[in-house]
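Read off the chains here:
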Amino acid sequence: MCGIIGAIAQRNITKLLLNGLKRLEYRGYDSSGIAIINSNKKIQRIRKTGNVNKLIKKIKKHPINGKIGIAHTRWATHGKPTKKNTHPHISENIIIVHNGIIENYNNLRKKLKTIGYHFKSDTDTEVIAHMLHNEQKKGGDLKEITKRVINKLKGSYSIVIMDKKNPSILIATKFKSALIIGKGINENFIASDQQALLSITNNFIFLEEGDIAEISCTNIKINNINNKIIKRKTIKSTTKYEVLNKNLYKNYMQKEIYQQPLATKNTIKKYLKNNKIKLNNLEDNYHLLKKIINIQIIACGTSYHAGLIARYWFEEIAKISCNVDIASEFRYRKPIIQKNTLIIAISQSGETADTLEALRILKKYKYLSSISICNTEKSSLVKETNFSLITEAGTEISVASTKTFTTQLTILLILITKISLLKNNKNKKIIKIIKKIPKKIKEILFYEKEIKKLAKKFLNVNNMLFIGKGKQYPTIMEGALKMKEISYIHAEAYPAGELKHGPLAIIDKNIPIIITAEKNKMLNKIKISIEEINARGGIIYILADQTIKFNNKKNITIIPLPHINSIISPIIYTIPLQLLAYHVAIIKGTNIDQPRNLAKSVTVE
């Protein structure tokens, strides 16, 4: 949520900053802005509401040049997405960009008004700019001033600061919000995400909580939270720079749906070698996995749905009890954590604020160990867990998660199988089933034409129900979420057995019902639910195993799918649900990659 990029060099850095903003656009796209201090020590600032392309077009008409600058792409929190609220914000000579939320900004704002400061925006960020300017009057260099200001802030932040009086340095500081320094040759950079900088460097310093960094062309000085000068390790990133083009695809979501066979294949290849599961940095700690008596999963959004599916696997395959919590709710509970509990934190970005806070709360308890499942190797979540399992999804640009979800599930199934084997459960056959995941996803993708035809039926629909049972229940929860995210149709998911407890009351010809049906012990229960809905005039669309026979009914449409082993069915049945949401959104003409009011990485509460 919101993206920061800054640079100080011996060349014009305008194009570099704009390229970085494009790579950060998935983090926020309500508005974007750039500020540069030119050779005459004048601030050149351009801001624009809407996507980054609008900013780029404006700068082509009104070029700006400088060797030091900061830029920002915004997802609105305090203040509407208007030009006046767009970053960077200025207070006389001080220019700043900021990610996060300052919880006590209102009180600080009132105090600043009493001493003569006038506010041009509704943001919490402008408060920080004026505080810095006010503190500067009391003396001290910019680094010292920043330290005094952040001591008065409550909340989360990553901040980058410029001063037109001293255009030879950038100051950067962070607390509960990611900030990364990129090292170049006689030039240095700062960003909220290494993806913004991979085209220019792969040498990174990951700032820790409370760090304040002074960055010049040739030097980086860091003070830690205790104000001691410290050397943070430079890490060479192995993350590949990916050219952000859609190739022949209409948008990134479609591209990422079709990348799932390769993404799952690469993930399996990483952890399955010679038909044996190798869990990298867990290799020397398998004794811990043998001790597990309980699992506690924390996650948000799509990652939470992955956790819900994993619960079925943990209990069915590994015979271990499993609790799954939405991290934003878990934070405000008083949970009971058993001694030999394994904590699993799941997040695409590894910067999800609620998941990080839930993990920090758990550190007060006695538990066995913690594992993060993440798509970003150097993220905060990975740093704060004992072990990590990294998906091989590659960069995911579209806000609606697709390939990161299926790779999360793939890793979870591999982990669960390994734990099961360590506990002497005979489940070696599951390894063969896991290896079939990429091929089965490819098979399902061939059904896109049928899904596309089905999508046309939902053009004028305002509400939908998704019904599933067993492992298919969290699968259809994910399908309903995708429909909401990108088509803006109100979609709700229910377990088949809950129809009589409310949903039957709203069944009519105006609410289409999507049902997933696989060939397993619960099939008859699903068929009973279908009859209940049909008897009340419901319009039903069934994504079903092609070997299942259904009675021909007027209001029922069957979309036959290939037979899938029940263990991996949640992964495979996710694909047609993604395609359905995608094609409904195409028909409705929504912004698929950047749906309204949503951002890719939720870094604020």
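Note that the structure is a prediction, hence the values are computed from the model and not measured.

### So, helix H13 (residues 403-422)
- Its 20 residues place the ends of H13 29 Å apart at the C-alpha level, agreeing with the 28 Å of an ideal helix rising 1.5 Å per residue.
- Most of H13 is tucked away: 19 of the 20 residues are buried.
- Positive phi shows up at Asn 424, right after H13, with a value of about 65°.

### Quick look at the sheet that holds strand S6 (residues 94-102)
- Read across the open sheet, the seven strands follow the order S5-S6-S7-S8-S12-S13-S14; overall the sheet is antiparallel. Two strands in the sheet have a free side with no partner beyond their single neighbour: strand S5 (89-91) and strand S14 (229-230).
- Relative to strand S12 (residues 212-215), strand S8 (residues 170-175) runs antiparallel, the two being bridged by four bridges. The partner of Thr 173 across the bridge, within S12, is Ile 212.

### Considering the sheet that holds strand S23 (residues 463-468)
- Taken together, five strands build an open sheet; the order of strands is S24-S23-S25-S26-S27 and the sheet is parallel. Each end of this open sheet is capped by a strand with a single partner; those strands are strand S24 (490-495) and strand S27 (556-561). For this sheet, the mean angle separating the axes of adjacent strands, direction not counted, is 20°.
- Alignment of S23 against S24, held across six bridges, turns out to be parallel. The partner of Phe 466 across the bridge, within S24, is Ala 493.
- Sitting on the sheet, helix H17 (residues 472-487) touches S23, S24 and strand S25 (512-517), and the angle it makes with S24 is about 175°.

### Some points on the side chain of Arg 109
- Looking at the secondary structure, you find Arg 109 in helix H3 (residues 105-114).
- Buried charged residue Arg 109 carries no salt bridge. Nearest counter-charge: Asp 122, at 4.7 Å.
- Excluding residues that lie within four positions of it along the chain, Arg 109 makes contacts with Phe 119, Ser 121, Asp 122, Thr 123 and Val 127.

### Notes on the side chain of Thr 123
- Assignment of secondary structure puts Thr 123 in the loop between H3 and helix H4 (125-136).
- A residue is classified by how much of its surface remains accessible, and Thr 123, at 1% relative accessible area, is buried.
- From its side chain, Thr 123 meets the backbone nitrogen of Glu 126 in a polar contact 3.2 Å long.
- Leaving out residues up to four positions away in the same chain, Thr 123 has contacts with Arg 74, His 78, Asn 85, His 89, Tyr 105 and Arg 109.

Thresholds applied
Residues numbered from 1 in each chain as written. Predicted model: local features only at pLDDT ≥ 70, side-chain atom pairs only at ≥ 80, totals over all residues. Heavy atoms only, no water. Helix = DSSP H or I, 4+ residues; strand = E, 2+ residues; numbered from the N terminus. Expected span 1.5 Å × (residues − 1). Buried < 20%, exposed > 50% of the residue type's maximum accessible area, 1.4 Å probe, protein only. Pairing = 2+ DSSP bridges. Axes fitted to C-alpha atoms, helices over the stretch in contact; angles between N-to-C directions. Contact = heavy atoms within 4.5 Å. Lys, Arg positive; Asp, Glu negative; His and termini not counted. Salt bridge = Lys/Arg side-chain N within 4 Å of Asp/Glu carboxyl O. Polar contact = N/O pair within 3.5 Å; in protein donor to acceptor, adjacent residues only side chain to side chain.

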